[in-house]
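A closer look at the structure
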Amino acid sequence: IIEMNTPQRGDVMVFRYPGLGPDDPQAGTDYIKRVVGLPGDQISFDNQVLTINGVAVEKRPVGLYVGSGWGREMTGSMLLENDLPGRTHAILQASEFGDPRTRGSWTVPPGHYFVMGDNRNASADSRYHLNDEQGTVPLDHVVGRVVLTVWPLSALSTHPVPAVPFDDPRLD
């Protein structure tokens, strides 16, 4: 993890989970998700289609996912390439029709970020209204950017690091 200046769309970041309410025992736990929406963005998700500011995010089938260990339960899901503006990454999609609770439209407020997991059908993310009606992550909950994925070992990979490090004083 490296400190962040300003999260960018497509970054994989670590943040302190805001929780689903004041009594959520998971509040404060470190979570890892991909930044999808930036402050001011209009985000919608319906029938497995992610739209950012009125433009559907393109995705292409790669094949069927075959998991092992903890990932075994997702075997048979579609492995897709997802094209966030400027970043291509893999996502898993279990069916064309996801959980109806994940459908909706959101406006990302100033100082907040809309995050989604790459395992779209099994991710506690902004679609589940993490901390408020918006479901967004406040900047002061951001811990840093993921630069290396080591688990599972078969998916060992690096994440691009921008030239400008995250150095917002609120992250201290």
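Our subject is the structure listed above.
Residues numbered from 1 in each chain as written. Predicted model: local features only at pLDDT ≥ 70, side-chain atom pairs only at ≥ 80, totals over all residues. Heavy atoms only, no water.

Okay, the environment of Gly135 next. Checked against the element boundaries, Gly135 lands in the loop between β10 (112–116) and β11 (137–138). Along the chain, Gly135 and Phe114 lie 21 residues apart, while their C-alpha atoms are 7.2 Å from each other. (Helix = DSSP H or I, 4+ residues; strand = E, 2+ residues; numbered from the N terminus.)

You can see His112 is positioned in strand β10. Dropping the residues within four chain positions of it, His112 is found in contact with Leu38, Pro39, Thr136, Val137 and Pro138. (Contact = heavy atoms within 4.5 Å.)

Checked against the element boundaries, Asp30 lands in strand β2 (residues 30–37). Given the relative accessible area of 49%, Asp30 is considered partly exposed. When the C-alpha positions of Asp30 and His141 are compared, they lie 9.3 Å apart, and in sequence the two are 111 residues distant. When neighbours within four sequence positions are excluded, Asp30 is seen to be in contact with Val14, Phe15, Arg16 and Val143. (Buried < 20%, exposed > 50% of the residue type's maximum accessible area, 1.4 Å probe, protein only.)

It is worth spelling out the packing of aromatic side chains at this point. Under the defined criterion, the tally for this structure stands at 3 aromatic pairs. Between Phe15 and Tyr31, the ring centres sit 6.1 Å apart and the planes meet at 50°, which makes this aromatic pair tilted. Of this pair, Phe15 sits in strand β1 (residues 12–16) while Tyr31 sits in strand β2, and the two are 16 residues apart along the sequence. Tyr31 shares its class with Phe15; the two are buried. Ring centres of Tyr17 and Tyr31 lie 4.2 Å apart, and the angle between their planes is 10°; on these two criteria the pair is classed as stacked. (Phe/Tyr/Trp six-rings, centres within 6.5 Å; stacked < 30°, edge-to-face > 60°.)

The antiparallel open sheet is built from 5 strands, whose spatial order is β11-β10-β2-β1-β12. The open sheet has two edge strands with one neighbour each: β11 and β12 (142–145). As defined by bridge partners, β1 adjoins β12 across 3 bridges and the pair is classed as antiparallel. Residue pairing across strands places Met13 opposite Arg145, the latter belonging to β12. (Pairing = 2+ DSSP bridges.)

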